[in-house]
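So you can see what is in the structure, the chains are spelled out below.
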Amino acid sequence: MDILGKDMHREYPSYPEEAFNVILEWVYYEKELMMARKQKRICKVPYDENLPVYTAWDLWGAGWGDETAIWFYQMYGKEIRVIDYREGTGNSLSEIVYTVLKPRWYRLEINYLPHDAVVVELGTGKSRVEVLEDLWLECEVVPKLSIADGIQAVREVFWSLWIDESKCKQWIKCLQNYRREWDDKWGTFKQRPLHNWASHWADAMRYMAVSLQEELDDSVMNKAIVANWL
């Protein structure tokens, strides 16, 4: 108990619900994930062919598609339905489009990309946005925000998320491991994320949240947050 401290009940719960009774302050979305589970919003979320599908991307690496994380989500009223999540390594953007996007037959609407997707590659003279638009995808670039502002944007939209527990299993695992960096010198957590394997996948969610901020009414969301914790 001295070693694990208040994390003891999460790691070794006496009963299932006890695992969710402890909120880890150094895990960015612990509270939001806990509430989503409590409200059963992590469940089976089917694709509705009557609704358009939006995607949010994070792309990093030396080439166009070296590492890619893609969210697929639909909007219905105040619900954000995350229906799918895919990641790729070592694929070009064209390969990603034809092996990940096209086979799913989703009715794609807008694909949201990080701000640096407009940077032109010296070797080709094209940006990532231009490459995807050449492949008949409608793209928008999200505004550049600080990491802290992006994390806050995620927290604000999380209360409206319904997440497919099967197709988004890996992404949920990433969020559980997206945490603050430890400072050995001062013996406390820094006010910035640890750069680990979960970082880029969490970034894709930040881009999704930023794109959604104007779509969701703050007053409705604030009421939902208050109701959830009463």
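The present account deals with the structure reproduced in this document. (Residues numbered from 1 in each chain as written. Predicted model: local features only at pLDDT ≥ 70, side-chain atom pairs only at ≥ 80, totals over all residues. Heavy atoms only, no water.)

Here we take up the environment of Leu 175. Summarising the element assignment, Leu 175 is placed in helix α6 (residues 169–176). With a relative accessible area of 0%, Leu 175 lands in the buried category. As for Leu 175 and Trp 201, which are separated by 26 residues in sequence, their C-alpha atoms are 8.1 Å apart. With sequence-adjacent residues up to four places away left out, Leu 175 is seen in contact with Val 27, Tyr 29, Leu 33, Phe 158, Ala 202 and Met 205. (Helix = DSSP H or I, 4+ residues; strand = E, 2+ residues; numbered from the N terminus. Buried < 20%, exposed > 50% of the residue type's maximum accessible area, 1.4 Å probe, protein only. Contact = heavy atoms within 4.5 Å.)

Positive phi, normally seen in glycine, also occurs at Lys 40, with a value near 60°. When you line up the elements, Lys 40 lands in the loop between α2 (30–38) and β1 (42–43). Positive phi outside glycine occurs at Trp 105, with the angle close to 55°. Topologically, Trp 105 is positioned in the loop between α3 (93–101) and β5 (108–113). Note on Trp 105: relative accessible area 72%, which makes it exposed.

This brings us to the pairing of strand β7 (residues 161–164). Of the pairings in the sheet, the one linking β1 to β7 comprises 2 bridges and is parallel in character. Paired with Cys 43 across the bridge in β7 is Asp 164. With 3 bridges connecting them, strand β4 (residues 79–89) and β7 associate as parallel partners. Along β7, the bridge assignment pairs Val 82 with Ile 163. (Pairing = 2+ DSSP bridges.)

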